[in-house]
Amino acid sequence: MTNAVPPIAPEALDEERFAALKEEIAAYVAEEGEAWTRRIEDERAVPPELRDELRERGYLSLAGPAEYGGQGIPFSRYLELLELFAMSHASLRMIVHVANGVWRSVDQFATAEQRREYVLPAVTGEMTIAFTLTEPTAGTGADLRCEVEREGDTYYLSGEKHLITFGVSCDRWLLFARLAGTSGAEGTVALLVDRDTPGVQVEDMGESLGVRGTDHARLVFERAPVPVTDRLGEEGKGLAVAFGGFLTPSRIAVAMTCVGLARRAQELAVAHALERVTFGKPLAARQAISFALAENAADVEAARQLTLHAARSWELGSTEAATLSSMAKLTAVDMLSRVTDKALQAHGGIGFWSSSPIERVYRDARAQRFEEGTNEIQKTIIARDVFSAAESR
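Calculation notes
Residues numbered from 1 in each chain as written. Predicted model: local features only at pLDDT ≥ 70, side-chain atom pairs only at ≥ 80, totals over all residues. Heavy atoms only, no water. Helix = DSSP H or I, 4+ residues; strand = E, 2+ residues; numbered from the N terminus. Salt bridge = Lys/Arg side-chain N within 4 Å of Asp/Glu carboxyl O. Buried < 20%, exposed > 50% of the residue type's maximum accessible area, 1.4 Å probe, protein only. Expected span 1.5 Å × (residues − 1). Disulfide = S-S within 2.5 Å. Polar contact = N/O pair within 3.5 Å; in protein donor to acceptor, adjacent residues only side chain to side chain. Contact = heavy atoms within 4.5 Å.

Draft legend 1. Main features of the environment of Arg55. In this fold, Arg55 is placed in helix 3 (residues 48–56). Residues Arg55 and Ala99, spaced 44 residues apart in sequence, show a C-alpha to C-alpha distance of 9.5 Å.

Draft legend 2. How the structure looks around the pattern of salt bridges. Following the criterion strictly, the structure yields 33 salt bridges and no others. A salt bridge links Glu15 to Arg77, with the nearest nitrogen and oxygen atoms 2.7 Å apart. In this pair, Glu15 is assigned in helix 1 (residues 15–30) and Arg77 in helix 4 (residues 75–85), connecting sequence segments 62 residues apart. On the basis of relative accessible area, Glu15 is assigned to the partly exposed category, the value being 41%. In this structure Arg77 comes out as buried when scored by relative accessible area, which is 17%. A salt bridge links Arg145 to Asp143; the shortest N-O distance between them is 3.7 Å. Counted as one network, the salt bridges with shared partners bring together Glu41, Arg44, Glu207, Arg212, Glu359 and Arg363.

Draft legend 3. Layout of helix 11 (residues 321–347). End to end, helix 11 covers 38 Å across 27 residues, agreeing with the expected 39 Å (1.5 Å per residue, within 8%). A positive backbone phi angle near 70 degrees is found at Gly348, which sits one or two residues after helix 11.

Draft legend 4. How the structure looks around the state of the cysteines. Counted according to the given criterion, the structure contains 0 disulfides. The closest cysteine sulfur to the non-disulfide-bonded Cys146 is located on Cys170, 14 Å from its own sulfur. Residue classification places Cys146 among the buried residues on the basis of a relative accessible area of 1%.

Draft legend 5. Structural detail: the side chain of Glu135. Within the element layout of this structure, Glu135 appears in the loop between strand 1 (129–132) and strand 2 (147–151). The class for Glu135 is buried, based on a relative accessible area of 5%. A distance of 2.7 Å separates a polar atom in the side chain of Glu135 from the backbone nitrogen of Arg145. Among the polar contacts made by the side chain of Glu135, one reaches the side chain of Lys161 at a distance of 3.0 Å. Among all residues touching Glu135, those that are not within four sequence positions of it are Leu144, Arg145, Cys146, Glu160, Lys161, His162 and Phe176.

Following this line, the structure appears as structure tokens:
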């Protein structure tokens, strides 16, 4: 294993260039992003040309190191851009989020050859890698049921996965399984499985409540052959690949997407409150509405600052970063639920119809509770740290 590139120092950023990029993305989200939103909702699918456009604009390589072909934007500053993308359609921000993050999971354990073949194309957006962990018959993590049997230089993979984002349209599955006959984390392996591997059934799981357009796959493997050379790290270290350098920044990133979507909901509610007149007064003049939107503004900012604090802690290599990432995700998800609910309420009945933008935002918000672990998982992680700290005193 060769060492992964360390996080880029925030002070190394060209602030003038970054400000211009931030302005460019904000304009893109407001114009092209809204056009893509309408098309995705109408067609119930993400057109392939959207990914092409995002790649050509450099939006899929924002957080990648410059030496890998990325733009070298530090993680905590990249989150400022991800917040803007999250104000657009959830499928658009999902493309940006996955492309700018999943390469880390591969990079931390990649050999020099694997870095050339997989990490660099992932950073530049030429390759789509789908994170493939969740199973329909097991809990996420050490409870994996997918297993491999090794015969010489080949693993034969059997089992099922589901809810795999971009699992239908990807180039590779970054898949986690266990060695046959093992249990617990010690028996796990991480594999980069070719999308065209024989012995694999790929099924699109169909339309979901929110995040419409993004494909989610159910996968069935029947002794699918995977070269041992496509294993990341050592045998028994699969979950270290999954969680080690990926899950913490990814949870922080998801927290920031909650902030961005909440910001969009608040923006829509404020605009409606200023325009809608009842009994001779705009809704903004009604204390019930104005107080609700004031609470929203405070809620959004509090979640943003906790998320940025977690990001900076991760950049510094703090031992508190993992717990802070769970705190940020938990806080941001709960905030998003409150903000979107109040924003929809401020619209009254009209907000319940698909002709109103808040309807789509409200649906997309619910999906955030599942990404990178439910609230219950985040609470378990936080509680474990709370009690461990108390016992060590």
